[in-house]
Amino acid sequence: MTSASKTKTVFFIPASAEERTKSLAEKTKQVFQKLGLEREIEAGSFVAMKIHFGEKGNTGYIQPAWLSGIIKILNVQKARSFFTDTNTLYIGSRSNAVDHVKLAHGHGFAMNALGVPVIIADGLIGRDDDEVRVNLPRIESAKIASTFLNSDVLLCLSHFTGHIQTGFGAALKNLGMGCASRAGKLEQHSDVHLRIDPALCQNCKKCLDYCPADALVQEKKNVAILDEKCIGCGECMVVCSFGAVKWKWDGDDIRVQEKIAEYAFSVCRLFSGKAGFINFLLRITKNCDCMSKKGHSISADIGILGSRDPVALDQASVDLVLSQNKGDVLRKANDVDWEAQLRHAEKIGLGSRKYRLVTIS
Ligand code: SF4
Ligand code: SF4
């Protein structure tokens with residue numbers, strides 16, 4: 001576990017998704033080497049590379065070829081490395097391990113391309129988890145996908161995007177929500193509540209086709225949400241073109257971020273310092289890679305960042321995005337107090353928001 005009080009080092013290399021793949025693979029490798037994670041990897045170690053394979057139809061996810069330089073290093077070290085993610089709460093092409101692996105293969109995360117297998121961390125239908133007792137303000141014990149408990153080293157590879165529930169999604173989100181089993185995800189989402197404003201709803205019914213939990217019902221003149229069925233995924237909010245789906249604004253956006261930070265803490269605790277984090281600030285979209293379409297861009301490409309501290313890394317990533325754009329583009333894209341996840345992560349001792357940015361030349 002990292003100490004919250006110290007200034008942490010974050011490495012940065014400017015990059016653009018338009019560069020040649022070879023160049024991006026080399027830059028990603030350089031960031032990885034700066035982390036010094038190789039020293040923690042012994043021959044035969046299980047190295048979990050946590051990543052989001054991108055929903056079907058999404059185009060923003062981290063391209064597998066960008067990781068080829070890292071994989072070569074891991075192979076030289078004779079590590080047992082693998083790509084991994086957990087199943088989604090909602091029904092779709094990542095909600096069970098069979099469909100999820102097929103999707104990952106379709107997006108280029110295939111043995112014949114990279115020589116690295118894909119393992120879905122919480123099993124066939126998202127029920128393989130273990131409790132990690134942490135006794136934090138919001139979570140007593142986190143339900144973490146079993147694969148992470150059996151791995152020796154964690155490399156968390158995150159695509160920085162805006163996010164409808166948390167303002168932005170990067171390392172903390174990838175760790176907290178991304179390493180939880182379905183039960184763990186449900187626990188984190190349980191505070192998220194939405195409503196439909198009848199004055200704005202045009203009764204176009206589009207959202208009915210997207211709800212994965214059958215939580216939307218047709219009423220006389222508009223659609224409504226059944227609270228007891230809603231899992232808080234936010235799909236209806238994304239697809240509604242009339243702005244009719246609203247947060248209830250009872251502090252749930254803050255609570256969900258605090259729970260995510262506590263789940264992230266639970267995952268990092270498993271690795272006692274044998275963890276590294278890389279954020280890709282490329283193709284920065286309004287919404288995350290769970291969206292099944294090409295995302296709307298909110299910033300030009302910035303580069304690749306890495307650190308041994310996920311809090312410092314996310315803070316540095318946000319600072320770069322804000323400094324390279326006019327105003328708070330994250331808040332403008334998704335009206336959420338995104339700072340809550342960073343504040344809470346530092347408060348519980350996951351890491352430090354103080355950092356020193358070292359540019360790799
Ligand atoms: S998509 Fe929006 S406008 Fe259409 S039915 Fe759903 S809430 Fe109403
Ligand atoms: S947030 Fe919307 S789409 Fe998601 S489960 Fe609730 S009602 Fe359905």
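These notes cover the structure that comes with them. Note that residues are indexed from 1 along each chain, following the sequence as it is written. Chain letters and ligand numbers both follow the written order, the letters beginning at A and the numbers at 1. Whole-chain, interface and lining totals are the exception, using all residues; otherwise, since this is a predicted model, local features are given only for residues with pLDDT of at least 70 and side-chain atom pairs are given and counted only at 80 or more. Note that the side-chain values use all heavy atoms of the structure and ignore hydrogens as well as water.

### Some remarks on the nonpolar core
Okay, so step 1: Buried residues of nine kinds, namely Ala, Val, Leu, Ile, Met, Phe, Trp, Tyr and Cys, make up a nonpolar core once their side-chain atoms join them within 4.5 Å. Partly exposed residues are those whose accessible area sits between 20% and 50% of the maximum for their type, while under 20% is buried and over 50% is exposed, using a 1.4 Å probe and protein chains only. Counting 52 residues, the largest nonpolar core has F148, F160 and L350 as the members making the most contacts within it.
Okay, so step 2: Strands are runs of DSSP state E lasting at least two residues, helices are runs of H or I lasting at least four, and both sets are numbered from the N terminus onward. Among the elements that line this core, the one with the most residues is helix α10 (residues 310-323), at 7 residues.
Okay, so step 3: Core analysis: the second largest hydrophobic core is formed by 39 residues, A15, M49, I62 and A79 among them.

### Quick word on the pairing of strand β2 (residues 46-50)
Okay, so step 1: For β2, the buried fraction is high: 4 of the 5 residues fall into the buried class.
Okay, so step 2: Judged from the 5 bridges that link them, β2 and strand β3 (residues 80-85) form a sheet pairing that is parallel. By the bridge assignment, F46 is partnered in β3 with R80.
Okay, so step 3: Here a crossover is taken to be right-handed if, once the strands point away from the viewer, the path from the first strand over the helix to the second is traced clockwise. For the crossover from β2 across helix α2 (residues 68-76) to β3, the handedness is right-handed.
Okay, so step 4: At least two DSSP bridges between two strands are required for those strands to pair. Pairing of β2 with strand β7 (residues 153-159), which is carried by 4 bridges, proceeds in the parallel orientation. When the sheet's bridge partners are listed, A48 is paired in β7 with L154.

### What to know about helix α7 (residues 182-189)
Okay, so step 1: If you check which residues of α7 are buried, you get R182, G184, K185, Q188 and H189. The buried residues of α7 occupy one face: seen down the axis, they fall within an arc of 160°.
Okay, so step 2: Residues count as neighbours in contact if any of their non-hydrogen atoms are within 4.5 Å of one another. Structurally, α7 contributes buried residues whose contacts are with β6 (141-145), α6 (171-176) and α9 (252-269). Summarising the geometry, the arc corresponds to the directions from the helix axis toward the C-beta atoms.

### What to know about the pattern of salt bridges
Okay, so step 1: Should a side-chain nitrogen of Lys or Arg be within 4 Å of a carboxyl oxygen of Asp or Glu, the pair is scored as a salt bridge. Considering all chains together, one arrives at 13 salt bridges under this definition.
Okay, so step 2: In this structure, the salt-bridge partner of K29 is E26, at a minimum N-O distance of 3.5 Å. Taken together, the residues K29 and E26, both in helix α1 (residues 21-35) and 3 residues apart, mark about one turn of the helix.
Okay, so step 3: The class for E26 is partly exposed, based on a relative accessible area of 38%.
Okay, so step 4: With a shortest N-O distance of 2.7 Å, E258 and R138 are connected by a salt bridge. Placement of E258 in helix α9 and of R138 in the loop between β5 (129-133) and β6 is noted, with a sequence separation of 120 residues between them.
Okay, so step 5: Overall, the relative accessible area of 15% leaves E258 in the buried class.
Okay, so step 6: Linked by salt bridges that have partners in common, K50, E55, D85 and R94 make up one network.

### Topic: helix α12 (residues 339-347)
Okay, so step 1: Looking at α12, one finds that the buried residues are A340, Q341, L342, H344 and A345.
Okay, so step 2: Here the buried face of α12 lies against β9 (167-169), α6, α9 and α10.
Okay, so step 3: G349 sits one or two positions beyond α12 and adopts a positive phi of about 90°.

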